[in-house]
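Residue-level listing of the chains:
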Amino acid sequence: KNLMVRNLKRLRKQLEKQHGKEEAAKCDFFPTTYEVPSEYHLFVEEFRRHPGCTWIMKPTNKSQGKGIFLFRKLNQITEWKKEDPYRREEDKSEREAPEVYIVSRYIENPYLIGGKKFDIRVYVLVTSYMPLKAWLNRSGFARFSNTRFVMNDIGDSCIHPP
């Protein structure tokens, strides 16, 4: 997750440098994203520029939705800095730096099918970002939420599956 974000940001900067802002604007297919803690100060600046927006945090080294959560206030992520509930008990006594997460602006008006969120999983091998070269596998699958989408309750994992 974090390496993909780094490469996409690098691609956007190279496009802007070589072809201008109009060409770089075509890389708008991923939301505003930061890697924390390394880009925490940049994230906080963006967070304060857009009060009331919903953000999603995803750990870079976990899968299957573990450790993912939504938030709207900075004080809701202070626990992230202190504790990782998925860390083994014997490792918790050691004082470590916070786990690396990707934090992105949550898409509040996603595409819906029958009023429900979905995601499509396709397998892509990216062999180069400049120029962009990607190989798409023919197989994949779709997942659907079992509950109609509303932004009222960001803590409901049936509406906002990780």
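Here, the structure is the one placed above.
The following paragraphs examine the structure supplied in this document.

**Let's talk about the sheet that holds strand 1 (residues 33–36)**
Spatially, 1-4-2-3 is the arrangement adopted by the four strands of the open sheet, whose pairing is antiparallel. At either margin of the open sheet sits one strand with a lone partner, and together these are strand 1 and strand 3 (69–71). Strand-to-strand twist in this sheet, taken as the mean axis angle between neighbours without regard to direction, amounts to 25°. Relative to strand 4 (residues 101–105), strand 2 (residues 55–59) is paired through five bridges, and the arrangement is antiparallel. Along strand 4, the bridge assignment pairs M57 with V103.

**What to know about the nonpolar core**
Counting residues in each nonpolar core, the largest one holds 13 residues, and the members touching the most others are F43, W55, M57, F71 and V103. For this core, the elements supplying multiple residues, two or more each, are strand 1, helix 3 (40–49), strand 2 and strand 4. Here this core gets three residues from one element, more than from any other, and that element is helix 3. Apart from the residues lying within four places of it in its own chain, the contact partners of V103 are T32, T33, Y34, V36, F43, W55, I56, M57 and F71. Among the nonpolar cores identified, the runner-up in size contains six residues, and L70, Y106, F149 and M151 belong to it.

Thresholds, definitions, all that
- Residues numbered from 1 in each chain as written.
- Predicted model: local features only at pLDDT ≥ 70, side-chain atom pairs only at ≥ 80, totals over all residues.
- Heavy atoms only, no water.
- Pairing = 2+ DSSP bridges.
- Helix = DSSP H or I, 4+ residues; strand = E, 2+ residues; numbered from the N terminus.
- Axes fitted to C-alpha atoms, helices over the stretch in contact; angles between N-to-C directions.
- Core = buried A, V, L, I, M, F, W, Y, C linked by side-chain atoms within 4.5 Å.
- Buried < 20%, exposed > 50% of the residue type's maximum accessible area, 1.4 Å probe, protein only.
- Contact = heavy atoms within 4.5 Å.

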